[in-house]
Amino acid sequence: MNIKNLLLEVITDKELLNYYNATVIYEDTPTSVRGCVFNHDGVYFIIINKNLSYYKRKKTLLHELSHIELSQLCQKEKDLFAFHIDKYEDEANKYLKDLEKEIYNLEKR
Ligand SMILES: [Zn+2]
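Everything numeric in this text was worked out from a predicted model, so none of it was measured.

Undergrad: Can you help me understand the overall build of the chain in this one?
TA: Within the chain, the secondary structure is distributed over 4 helices and 3 strands. Going from N to C terminus, the chain has its helices and strands arranged as α-α-β-β-β-α-α. Put simply, 46% of the contacts in the chain that link residues at least 6 apart link residues at least 24 apart. Summed over its atoms, the accessible surface of the chain is roughly 7,000 Å², and 51% of this surface lies on carbon and sulfur atoms.

Shown next as structure tokens:
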């Protein structure tokens, strides 16, 4: 169960969310905030700006899931908001890009 399987459509986003014990909440956030993720009592809460387009909501969900998959949330404190930390932003974005590249190359063969 990981993002790669989701991108390959082997699993659905619901299955992956269940696996990570994550809940998605669509909120009216400030326009500069696409989304964020935090952990509370072992449950991941992924907040996504509900005003985004369908495509951007999907992208944001993948981005926030990357933070979970890269374990970027439980390193310091439980309520750490990953989106405040540039280093994590870059890592999460790179992780997704690399996955997409990998899958693109798989499909080319
Ligand atoms: Zn982020």
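Still more to cover.
Undergrad: Looking at this structure, how should I read the packing of aromatic side chains?
TA: What characterises a pair of aromatic rings is the spacing of the ring centres plus the angle enclosed by the ring planes. Evaluated as defined, the whole model comprises 2 aromatic pairs. Measuring from centroid to centroid gives 5.5 Å for Phe-38 and Phe-45, while their planes differ by 20°, and the two rings are stacked.

Undergrad: Can you help me understand the sheet that holds strand E1 (residues 22–27) in this one?
TA: Within a sheet, each strand pairs with its neighbour through backbone hydrogen bonds, oriented either parallel or antiparallel. Read from one edge of the open sheet, 3 strands run E1-E3-E2, paired in mixed fashion. Each end of this open sheet is capped by a strand with a single partner; those strands are E1 and strand E2 (35–40). Averaged over all pairs of adjacent strands, the angle between strand axes in this sheet comes to 20°, irrespective of strand direction. Judged from the 6 bridges that link them, E1 and strand E3 (residues 43–49) form a sheet pairing that is parallel. When the bridges of E3 are listed, Val-24 appears paired with Ile-46.

The rules behind each value
- Residues numbered from 1 in each chain as written.
- Predicted model: local features only at pLDDT ≥ 70, side-chain atom pairs only at ≥ 80, totals over all residues.
- Heavy atoms only, no water.
- Helix = DSSP H or I, 4+ residues; strand = E, 2+ residues; numbered from the N terminus.
- Contact = heavy atoms within 4.5 Å.
- Areas by Shrake-Rupley, 256 points an atom, 1.4 Å probe, with all protein chains shown as cover.
- Phe/Tyr/Trp six-rings, centres within 6.5 Å; stacked < 30°, edge-to-face > 60°.
- Pairing = 2+ DSSP bridges.
- Axes fitted to C-alpha atoms, helices over the stretch in contact; angles between N-to-C directions.

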